[in-house]
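# Secondary and tertiary structure notes
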Amino acid sequence: METRERSTPTRAAPARPHAATRLAALADWAGDRGPDPHDNILRLTLLAKELLAGSSVIYNTVTGPTPEDDPSLRGRICYEPMRLRSDDVFLVHNLQETDYALTDPAVRREGLHTYMGKSVRVGSHCAGALCVAYQQEFLPSEEDQQILILVATLIGLEEARRR
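The numbers attached to residues start from 1 for each chain and follow its sequence in the written order. Whole-chain, interface and lining totals are the exception, using all residues; otherwise, since this is a predicted model, local features are given only for residues with pLDDT of at least 70 and side-chain atom pairs are given and counted only at 80 or more. Side-chain metrics in this entry use all non-hydrogen atoms of the structure; hydrogen atoms and water are not considered.

A packed helix pair is summarised by two numbers, namely the angle formed by the two axes and the spacing between the axes. Where helix H1 (residues 19-32) meets helix H2 (residues 37-52), the axes come as close as 11 Å, and the angle between the chain directions of the two elements is 170°. Taken together, the axes of H1 and H2 lie roughly antiparallel to each other. From H1, Arg22, Ala25, Leu26, Trp29 and Asp32 reach across to H2, where they touch Asn40, Arg43, Leu44, Leu47, Leu51 and Leu52. Amino acid classes used here: Ala, Val, Leu, Ile, Met, Phe, Trp, Tyr, Cys and Pro are nonpolar; Asp, Glu, Lys and Arg are charged; the rest, including Gly, are polar. Residue classes in the contact of H1 with H2 are distributed as 7 nonpolar, 1 polar and 3 charged. Only the stretch in contact is used when fitting a helix axis, every axis being a line fitted to C-alpha atoms; angles between N-to-C directions are given from 0 to 180 degrees. Every helix listed is a DSSP run of H or I at least four residues long, and every strand listed is a run of E at least two residues long, numbered separately from the N terminus. Note that the term roughly parallel is reserved for angles under 35 degrees, roughly antiparallel for angles over 145, roughly perpendicular for angles of 65 to 115, and oblique for everything else. Every residue pair with non-hydrogen atoms within 4.5 Å of one another is taken to be in contact.

Here's what the structure looks like:
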């Protein structure tokens, strides 16, 4: 599947909170964390949308023992961070020009152009992926990527509590 960047994004990044505001919001979440991991994961997912100014944010979970065992994920962009299980953020620009525009219905339907996703792990097990998509082209900053990694890590901790 073609996932290379075809051109450098040139549009301005969506307005996002400053670093101190982002960290304060995460600290507030931690201070208000409730006893139900499912509710905490939902709140973290919504917080990721707010902190990263995404057009859409989804937390996809693995339904089988591994992502490869879930045929509903094949061809979907959310599958890649799960499959790769990397510590890095999976980033794709120009989504409308990739194979994902053909294999993932959300790409065309929602007019998505930039995607970043991070696998969510519980130990060495891949529990899912936190995915942020944008309806414009832009290059997420290192700070944006670190926020995504941090939120995905917190979701992994909540997944561990849920199990």
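When two rings of Phe, Tyr or Trp (its six-membered ring) have centres within 6.5 Å they constitute a pair, described as stacked for plane angles under 30 degrees, edge-to-face for angles over 60, and tilted for the intermediate range. Under the counting rule described, the total for this entry stands at 2 aromatic pairs. Measuring from ring centre to ring centre gives 6.1 Å for phenylalanine 90 and tyrosine 115, while their planes differ by 65°; the resulting arrangement is edge-to-face. In this pair, phenylalanine 90 is assigned in strand E2 (residues 90-92) and tyrosine 115 in strand E3 (residues 114-122), connecting sequence segments 25 residues apart. Relative accessibility under 20% of the residue-type maximum defines a buried residue, over 50% an exposed one, and the middle range a partly exposed one, all with a 1.4 Å probe and only protein chains included. The exposure class assigned to phenylalanine 90 is buried, which follows from its relative accessible area of 12%.

So, about the sheet that holds E3. Reading across the sheet, the 4 strands line up as E1-E4-E3-E2 and stay open at both edges, with antiparallel pairing between neighbours. Whereas interior strands pair on both sides, the edge strands pair on one side only; in this sheet they are strand E1 (56-61) and E2. For this sheet the average axis-to-axis angle between neighbouring strands, irrespective of direction, equals 15°. Its contacts with the sheet put helix H6 (residues 142-162) on E1, E2, E3 and strand E4 (125-134), and the angle it makes with E3 is roughly 35°. By this definition, two strands are paired if DSSP reports at least two bridges between them.

Further remarks concern the layout of surface pockets. Within this model, the largest pocket holds a volume of roughly 240 Å³. We place a 1 Å grid over just the protein atoms. Points where a 1.4 Å probe fits but has no way out form a cavity, open points with protein on both sides within 12 Å along at least 5 of 7 lines form a pocket, and any residue with an atom within 4 Å of a point lines it. Lining the largest pocket are 17 residues; nearest its centre among them are Ile58, Asn60, Ile77, Asp104 and Ala106. Of all elements in the fold, only E1, helix H5 (105-109) and E4 reach the threshold of two or more residues within the lining of the largest pocket. If you tally residues by element for the lining of the largest pocket, the top one is E1, at 4 residues. Taken together, the residues of the lining of the largest pocket sort by class into 10 nonpolar, 3 polar and 4 charged. Grid points are joined across faces, edges and corners, and a volume is the space filled by probe spheres set on the points.

Without other data, these values stay purely geometric and don't point to any function.
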